[in-house]
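# Residue-level structure breakdown
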Amino acid sequence: MKISFHGAARTVTGSKHLLTLSNGKKILLDCGLFQGMGRDTDAMNRTWGFDPATVDALVLSHAHIDHSGLIPKLVKEGFAGRIYCTDATEALTNLLLEDSAEIQENDVRAHNKSSKAQGRPLLEPLYTVDDAKSCLGRFEARPYNEWFTVLEGVECMFTDAGHILGSACVHLRIQEKGRPYRLTFSGDVGRYRDVILRSPAPFDQADCIIMESTYGDKLHENVSTSFDQLLQWITHTCIEKGGKLIVPAFSLGRTQEILYALNQLELERRLPAVDYFVDSPLSTDITSVIKRFPKYFNKTIQKVMQTDDDPFQFRGLHFTKTVDESKMLNYRDAPCVIISASGMAEAGRVKHHISNNIENSRNTILMTGYCEPHSLGGRLMAGEKEVGIYGVRHEVHAEVGSIRSMSAHGDYEDLMQWLHGQDPRSVQKFFLVHGEYEVQQELKRRLVSKGFLDVTIPERHFEIGIA
Ligand SMILES: [Zn+2]
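First, a word on scope: everything that follows refers to the structure included in this document. Everything numeric here is computed off the predicted structure, so don't read it as measured data.

### A word on the overall build of the protein
- The helix and strand tally for the protein stands at 14 helices and 22 strands.
- Relative to its length of 467 residues, the protein is compact, with a C-alpha radius of gyration of 22 Å against a globular reference of 23 Å.
- Here the protein holds 467 residues, and 59% of them are scored as buried.
- Long-range pairs, those at least 24 residues apart, make up 75% of the contacts in the protein between residues at least 6 apart in sequence.
- Of the roughly 19100 Å² of accessible surface on the protein, a fraction of 49% belongs to carbon and sulfur atoms.
- Taken as two groups, the 53 positive and 61 negative side-chain charges of the protein have centres that lie 1 Å from each other.

Written out as structure tokens, the structure reads:
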């Protein structure tokens, strides 16, 4: 059996790992889009490193687009198998793929308009909204903690990853050479004591582990401090400076975490009485889907729901829908909080809000998650004094803040806790994926010191025999 790594290999996006069994059958783990890689992004998303038509099944760890975003292209190029994931992942992925297709169609339309004028070659979107819709029938939802058959001789079980709603760690039992080979793929591992989700679940001994490493060299602040930090930024920006607080937030996960935090502050009567806007149709739709799956919430939030039936809705919160409503926010003089996507400020309505508010020192741009260094959010967090947005240079006068404690990814202690039940000497192969190379090297040292011997940091398209 062989494994090859075609994305999230020394990077944090594009998750895609291909298992080739000794009978020739192929199983793809995740089918993610590369994001925020600068000029190379598009080319990276157009080269697979394998033929999609030869893949027999896809197992999807969770809905995030850097794990699911190339599914329509995979199907368009001949993948004819089933896609296995949890029910919440299926519901969320459906929304995200259509949104991703729409963004691409719009981007390509804008790009081609200027290319045409300058006589440059025209681009095609990676896939269209119709392509995204046509793969919806391929999904097969499976529950957590139950083995199911993926292909003959290959069984799979999902355990809770605690990263976003529906997220799973993927455990495979593959019959090879007369015995079951046990392979575990972490997907993205969340934090222990997340505010909404249950903690990552323990799992049985594996022969091979593929683990993410996004924050493999960091320790997060305690999650509970994020509520107070959020409150401080609102008070500082809206009350003391009378400005706008622009919060780029991932539509899935971070937006609901912020809404939950604001709702808690409101329940504690600490929330400043200003207007709060969720200005992203996708974030609004996702919030509705998440409310359909309270069965996956942790005990704390289930308890809150005994007295507050909607823990994501509070006084002063508005969901804006139309483009006109979004534009009206520019003309508001009153202080307010605008929560909008995307989280890295690379696309979406938040990019407009940043370009409209970045030159005014009354305002604050508050980053709430990981940003690729090339992305607008990454450049702002690096302290750049001038940034280009939609081809226009802007001086950065607004304050730029960040709340790092809100990460949906575990830090190295969470990752070590996730590995807690594993006997390192029984893990024959260990692969680190989904991280920046320097971070991965640091985590590798840590793993080796814990007794994991064969730790590899694969490059993109690296292939190796594992059993
Ligand atoms: Zn993720």
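### Focus on the nonpolar core
- The biggest cluster of nonpolar side chains holds 103 residues, and the ones touching the most others in it are Ile-71, Val-150 and Leu-262.
- Discounting residues that sit within four places of it in the chain, Val-150 has contacts with Ile-27, Ala-57, Val-59, Tyr-84 and Cys-156.
- Met-367, Tyr-370, Leu-380 and Val-396 belong to the second largest nonpolar core, which has 22 residues in total.

### Some details on the coordination of the zinc ion
- At this site the zinc ion is bound by His-62 (NE2), His-64 (ND1), His-163 (NE2) and Asp-188 (OD), with donor distances of 2.2 to 2.3 Å.
- If you look at the zinc ion, its four donor atoms make angles of 89 to 169° with each other, and the shape they trace is irregular.
- Each donor residue of the zinc ion belongs to the same chain, with the gaps between them written as H-x1-H-x98-H-x24-D. Separated by 101 residues along the polypeptide, His-62 in the loop between strand 4 (57-59) and helix 2 (65-68) and His-163 in the loop between strand 8 (154-160) and strand 9 (168-176) bring together distant segments of the chain.

### Quick word on the pattern of salt bridges
- Inspection of every chain in the model, using the stated rule, returns 26 salt bridges.
- Of the charged contacts, one joins Lys-76 and Asp-131 as a salt bridge, the two residues approaching to 3.8 Å between their closest N and O atoms. One end of the pair, Lys-76, is in helix 3 (residues 71-76); the other, Asp-131, is in helix 5 (residues 129-134), with 55 residues separating them in the sequence.
- Using a relative accessible area of 43% as the deciding quantity, one classes Lys-76 as partly exposed.
- Put simply, Asp-454 and Lys-429 hold a salt bridge, and the shortest N to O gap is 3.1 Å.

### Observations concerning the packing of aromatic side chains
- Within the structure shown, the criterion is met by 14 aromatic pairs.
- Relative to Phe-50, the ring of Trp-48 has its centre 5.5 Å away and its plane inclined at 50°; by these criteria the two rings are tilted.
- Among the residues examined, Trp-48 registers a relative accessible area of 7% and is labelled buried.
- Within the aromatic cluster, the residues linked to one another by ring pairs are Phe-227, Tyr-260, Phe-297 and Phe-312.
- If you follow Arg-10 out to its NZ or CZ, it ends over the ring of Tyr-437, 4.1 Å from the centre.

### So, helix 14 (residues 437-449)
- When the terminal C-alpha atoms of helix 14 are compared, their 18 Å separation across 13 residues agrees well with the 18 Å that a helix rising 1.5 Å per residue should span.
- Regarding helix 14, the residues found buried are Val-439, Gln-440, Leu-443 and Leu-447. Buried residues of helix 14, viewed axially, fall in a sector of 95°; they line one side. Among the exposed residues of helix 14, those oriented more than 90 degrees off its buried face are Glu-438, Arg-445 and Ser-449.

### Focus on the pairing of strand 15 (residues 336-340)
- Burial analysis of strand 15 places five of its five residues in the buried class, which makes it a mostly covered element.
- Every second residue of strand 15 is oriented toward a common face, with Cys-336, Ile-338 and Ser-340 on one face and Val-337 and Ile-339 on the other, all of them buried.
- Relative to strand 15, strand 12 (residues 244-248) runs parallel, the two sharing five bridges. What sits directly across from Pro-248, in strand 15, is Ser-340.

### Structural notes on the layout of surface pockets
- When its volume is computed, the second largest pocket comes out at roughly 380 Å³.
- In this structure, the second largest pocket is lined by 20 residues; those nearest its centre are Arg-191, Tyr-192, Arg-193, Asn-222 and Val-223.
- Those elements that provide at least two residues to the lining of the second largest pocket are helix 7 (254-267) and helix 13 (412-418).
- The residue inventory of the lining of the second largest pocket, partitioned by class, reads six nonpolar, seven polar and seven charged.

The rules behind each value
Residues numbered from 1 in each chain as written. Predicted model: local features only at pLDDT ≥ 70, side-chain atom pairs only at ≥ 80, totals over all residues. Heavy atoms only, no water. Helix = DSSP H or I, 4+ residues; strand = E, 2+ residues; numbered from the N terminus. Rg over C-alpha atoms; globule rule 2.2 N^0.38 Å. Buried < 20%, exposed > 50% of the residue type's maximum accessible area, 1.4 Å probe, protein only. Contact = heavy atoms within 4.5 Å. Areas by Shrake-Rupley, 256 points an atom, 1.4 Å probe, with all protein chains shown as cover. Lys, Arg positive; Asp, Glu negative; His and termini not counted. Charge placed at Lys NZ, Arg CZ, Asp CG, Glu CD. Core = buried A, V, L, I, M, F, W, Y, C linked by side-chain atoms within 4.5 Å. Donors = N, O, S within 2.8 Å, 3.2 Å for Na, K, Ca; no water. Tetrahedral: all angles 85-135°; square planar, octahedral: opposite > 155°, others 65-115°. Salt bridge = Lys/Arg side-chain N within 4 Å of Asp/Glu carboxyl O. Phe/Tyr/Trp six-rings, centres within 6.5 Å; stacked < 30°, edge-to-face > 60°. Lys NZ or Arg CZ within 6 Å of the ring centre and 35° of its normal. Expected span 1.5 Å × (residues − 1). Arc of directions from axis to C-beta. Pairing = 2+ DSSP bridges. 1 Å grid on protein atoms, 1.4 Å probe; cavity = no way out; pocket = protein on both sides within 12 Å on 5 of 7 lines; lining within 4 Å. Points joined across faces, edges and corners; volume = space filled by probe spheres on them. Nonpolar A, V, L, I, M, F, W, Y, C, P; charged D, E, K, R; others polar.

Keep in mind these numbers describe shape, not what the thing actually does.
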